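# Close look at the chain arrangement
So you can see what is in the structure, the chains are spelled out below.
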2 protein chains.
Amino acid sequence: MSEHIVSSFDAELEGLRSSIAEMGGIAEKQLADAVTALVRRDTSLAQAVIAMDQRLDALQRDVEERAVLTIARRQPLAIDLREVIAAIRISGDLERVGDMSKNCAKRVLAIADGFQAQKIVTGVQNIADLVMEQLKDVLDAYAQHDLARALDVWQRDGQIDALYTSLFRELLTYMMEDPRNISFCAHLLFVAKNVERIGDHATNIAETINYLVTGQNLTAERPKNDRTTAPVDVAAE
Amino acid sequence: MSEHIVSSFDAELEGLRSSIAEMGGIAEKQLADAVTALVRRDTSLAQAVIAMDQRLDALQRDVEERAVLTIARRQPLAIDLREVIAAIRISGDLERVGDMSKNCAKRVLAIADGFQAQKIVTGVQNIADLVMEQLKDVLDAYAQHDLARALDVWQRDGQIDALYTSLFRELLTYMMEDPRNISFCAHLLFVAKNVERIGDHATNIAETINYLVTGQNLTAERPKNDRTTAPVDVAAE
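The shown structure was predicted, so the numbers you read here are calculated from the model rather than taken from an experiment.

Bringing the overall build of chain A into the picture now. Looking only at helices and strands, chain A has six helices and zero strands in total. In chain A, the succession of α and β elements from N to C terminus is α-α-α-α-α-α. Looking at the 237 residues of chain A, the share that counts as buried comes to 58%. Considering only residue pairs separated by 6 or more positions, chain A has 81% of its internal contacts joining residues 24 or more positions apart. Just so you have it, chain A exposes about 9200 Å², and 52% of that area is on carbon and sulfur atoms.

Our next topic: the state of the cysteines. Scanning the entire structure with this criterion turns up zero disulfides over all chains. Residue Cys185(A) stays outside any disulfide, its sulfur separated by 15 Å from that of Cys185(B), the closest cysteine. Residue Cys185(A) is classed as buried on the basis of its relative accessible area of 0%. Cys104(B) forms no disulfide, and the closest cysteine sulfur to it belongs to Cys185(B), at a distance of 15 Å.

When two helices pack together, their arrangement is given by the angle between their axes and by how far apart the axes lie. Contact geometry for helix 6 (residues 182-214) of chain A and helix 5 (residues 147-177) of chain B: axes closest at 10 Å, N-to-C directions at 125 degrees. Relative to helix 5 of chain B, helix 6 of chain A is oriented oblique. The chirality of how helix 6 of chain A crosses helix 5 of chain B is right-handed. Counting all contacts with helix 6 of chain A, which are made through Ile182(A), Ser183(A), Ala186(A), His187(A) and Phe190(A), the residues of helix 5 of chain B involved are Tyr164(B), Phe168(B), Leu172(B), Met175(B) and Met176(B).

The predicted coordinates of low-pLDDT regions are not to be read in fine detail. Residues and elements named next belong to chain A. Here chain A averages 90 in pLDDT, while 89% of its residues score no lower than 70. Within chain A, helix 6 carries the highest mean pLDDT (96), whereas helix 1 (residues 3-40) carries the lowest (91). In the predicted structure, residues 230-236 sits below a pLDDT of 50 and forms 22 contacts with residues beyond four places in sequence or in another chain. For this predicted complex, the interface score ipTM comes out at 0.86, while the overall pTM is 0.89.

Formed by 158 residues in total, the largest nonpolar core has its most connected members in Leu94(A), Met175(A) and Met175(B). Beyond its immediate sequence surroundings of up to four residues, Leu94(A) is in contact with Ile20(A), Met23(A), Gly24(A), Ala27(A), Leu56(A), Leu135(A), Leu139(A) and Ile205(A).

Quick look at the UniProt feature "domain: PhoU" (unreviewed entry) in chain A now. Residues and elements named next belong to chain A. On the UniProt side, "domain: PhoU" (unreviewed entry) is annotated at positions that read residues 20-108 and 126-208 here. Here residues 20-108 is 94% helix and 0% strand, with 28 Å between the C-alpha atoms at its ends. Measuring from the first to the last C-alpha atom of residues 126-208 gives 27 Å, for a span that is 92% helix and 0% strand.

Another point: the pattern of salt bridges. Evaluation of the coordinates by the stated rule reveals 32 salt bridges over all chains. As a salt-bridge pair, Arg17(A) and Glu83(A) come within 3.3 Å of each other at their nearest N and O atoms. Placement of Arg17(A) in helix 1 and of Glu83(A) in helix 3 (residues 78-111) is noted, with a sequence separation of 66 residues between them. Taking relative accessible area as the criterion, Arg17(A) reaches 24% and is therefore assigned partly exposed. Glu83(A) gets classed as buried once you look at its relative accessible area, which sits at 6%. A salt bridge links Arg89(B) to Glu64(A), with the nearest nitrogen and oxygen atoms 2.8 Å apart. One end of the pair, Arg89(B), is in helix 3 (residues 78-111); the other, Glu64(A), is in helix 2 (residues 43-74), on a second chain. Taking relative accessible area as the criterion, Glu64(A) reaches 15% and is therefore assigned buried. Here the residues in one salt-bridge network are Lys136(A), Asp137(A), Asp140(A), Arg149(A), Asp152(A) and Arg156(A), joined through shared partners.

Time to look at the environment of Lys136(B). Residues and elements named next belong to chain B. Residue placement: lysine 136 occurs in helix 4 (residues 118-143). For lysine 136, a relative accessible area of 41% translates into the label partly exposed. Sequence-wise, lysine 136 and leucine 167 are 31 residues apart; in three dimensions their C-alpha atoms are separated by 23 Å. Sequence-distant contacts of lysine 136, defined by excluding residues within four places in its chain, comprise Glu28 and Arg149.

A few words now on the packing of aromatic side chains. Under the defined criterion, the tally for this structure stands at five aromatic pairs over all chains. An angle of 40 degrees between the planes, with centres 4.8 Å apart, marks the rings of Phe190(A) and Phe190(B) as tilted. One end of the pair, Phe190(A), is in helix 6; the other, Phe190(B), is in helix 6 (residues 182-214), on a second chain. The exposure classification of Phe190(A) matches that of Phe190(B), with both residues buried. The ring of Phe190(B) carries the charged tip of Arg107(B) above its face, separated from the ring centre by 4.3 Å.

Another aspect to go through is unusual backbone geometry. All names here are of chain B. Even without being a glycine, arginine 41 presents a positive backbone phi close to 50 degrees. By the secondary structure assignment, arginine 41 is in the loop between helix 1 (3-40) and helix 2 (43-74). The phi torsion at alanine 78 lies on the positive side, around 50 degrees, for a residue other than glycine. Relative to the helices and strands, alanine 78 is located in helix 3.

Now for the packing of helix 3 of chain A against helix 6 of chain A. Residue and element names in this part refer to chain A. Running from N to C, helix 3 and helix 6 point in directions that differ by 170 degrees, and their axes come no closer than 9 Å. In this view, helix 3 runs roughly antiparallel relative to helix 6, as classed from their interaxial angle. Its residues placed into classes, the contact of helix 3 with helix 6 shows 19 nonpolar, eight polar and seven charged.

Let us look at helix 6 of chain A. All names here are of chain A. Compared with an ideal rise of 1.5 Å per residue, which puts 33 residues at 48 Å, helix 6 spans 48 Å between its outermost C-alpha atoms and is within 8% of the ideal. Across the 33 residues of helix 6, 28 count as buried, placing the element largely inside the fold. Just past helix 6, the residue glycine 215 takes up positive phi, approximately 80 degrees.

Reading the values: the criteria
- Residues numbered from 1 in each chain as written.
- Chains lettered and ligands numbered in written order.
- Predicted model: local features only at pLDDT ≥ 70, side-chain atom pairs only at ≥ 80, totals over all residues.
- Heavy atoms only, no water.
- Helix = DSSP H or I, 4+ residues; strand = E, 2+ residues; numbered from the N terminus.
- Buried < 20%, exposed > 50% of the residue type's maximum accessible area, 1.4 Å probe, protein only.
- Contact = heavy atoms within 4.5 Å.
- Areas by Shrake-Rupley, 256 points an atom, 1.4 Å probe, with all protein chains shown as cover.
- Disulfide = S-S within 2.5 Å.
- Axes fitted to C-alpha atoms, helices over the stretch in contact; angles between N-to-C directions.
- Parallel < 35°, antiparallel > 145°, perpendicular 65-115°, else oblique.
- Left-handed = near helix turned anticlockwise from the far one by under 90°.
- pLDDT = per-residue confidence, 0-100.
- Core = buried A, V, L, I, M, F, W, Y, C linked by side-chain atoms within 4.5 Å.
- UniProt positions renumbered as here; feature names shortened; annotations may be inferred.
- Salt bridge = Lys/Arg side-chain N within 4 Å of Asp/Glu carboxyl O.
- Phe/Tyr/Trp six-rings, centres within 6.5 Å; stacked < 30°, edge-to-face > 60°.
- Lys NZ or Arg CZ within 6 Å of the ring centre and 35° of its normal.
- Nonpolar A, V, L, I, M, F, W, Y, C, P; charged D, E, K, R; others polar.
- Expected span 1.5 Å × (residues − 1).

Take a look at the structure:
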């Protein structure tokens, strides 16, 4: 390859990386704002979270298109090809993280007028704090090609699943205690599930970083402590 | 391009199409079996649905890898490039359809031992019947590059969302009527949501077929009648 082509490839790769960095920033803000909107019952903030998602979708389509063109034009091999494929996969995960946060924001709008015991929201806040940390760490791990940090995120997902399991049961208990909680808690079940799934996307990104750095796919089953689908010992949705 | 290269490209494309046809068949069976497992409370069938998902995941990774190699080797343009990109996108949707069915099967395992009013399951069965028809139609539309049929699927998603909305409220009513329904119905809320989301993936595939045939992306918002996230008029998760 001539230097010109090499530098063009590097420039296209840098462009993909910076688009993903922008997507990561938006996805982090969407989740943080969705939780704030829930806690403060702030419907205009929830609307803003929903609106923010368009930008994320546009960036994901753009990354996908540019990545395909780069593969066709440069025919990259080995680590170079993995860089482009990783960009496609991570942008896909971040786009879906945005969808999950948007879903949470829609639930905030749905329950805005109903009866709401503030204490019930605390459990969702706790799991969201953990997930936001996971998202931040995995995005840093991608920016720095830091495999150890990525694997650390991958390992920690079990804590989130365990927290989700206890939250699921807690919400059912509130429903049984007082029928007025049922509609509100039903929506919170979905908020909690969406937050837990954002954690799953963080671990997907960790797996992509492992593939990017090592060229191997993680074969081991991710540690899962979600037991809402017990009695049998199966991983959660 | 020499005939040799052209025919090699056609062979690779045919290989991608047949892998997607296989994925479609598995995804349809997974959903049908998951619903049967729910209705008959058949936990061994539910386990089989969960096990089936591995094959779908493997096929999706395989399609993605072969598609990327095809783009790098053949540098296809226009319709040829869209064929390869469509294969990547549709395999991604089908892999997620499999995840949704697996989620449903896990819920069947979770509620197997609990109290269960059979009539409550009927609503889930009705929405699943509609979704299975959508899935079948959109897979046929892809196999035949039938744009009209794809757009018909795209239009019909509104019916599924409307059905899901009424089912969501029906399940909340059962919870309020009898606390013994709460745990069972909480799991059914997730089963119904997973089925409704399979319908969304069918419409995603319809959108990909439109892109494949016309080269354009559908810009109009998909018709949405889900109102579980009312009061405001927003689309469902």
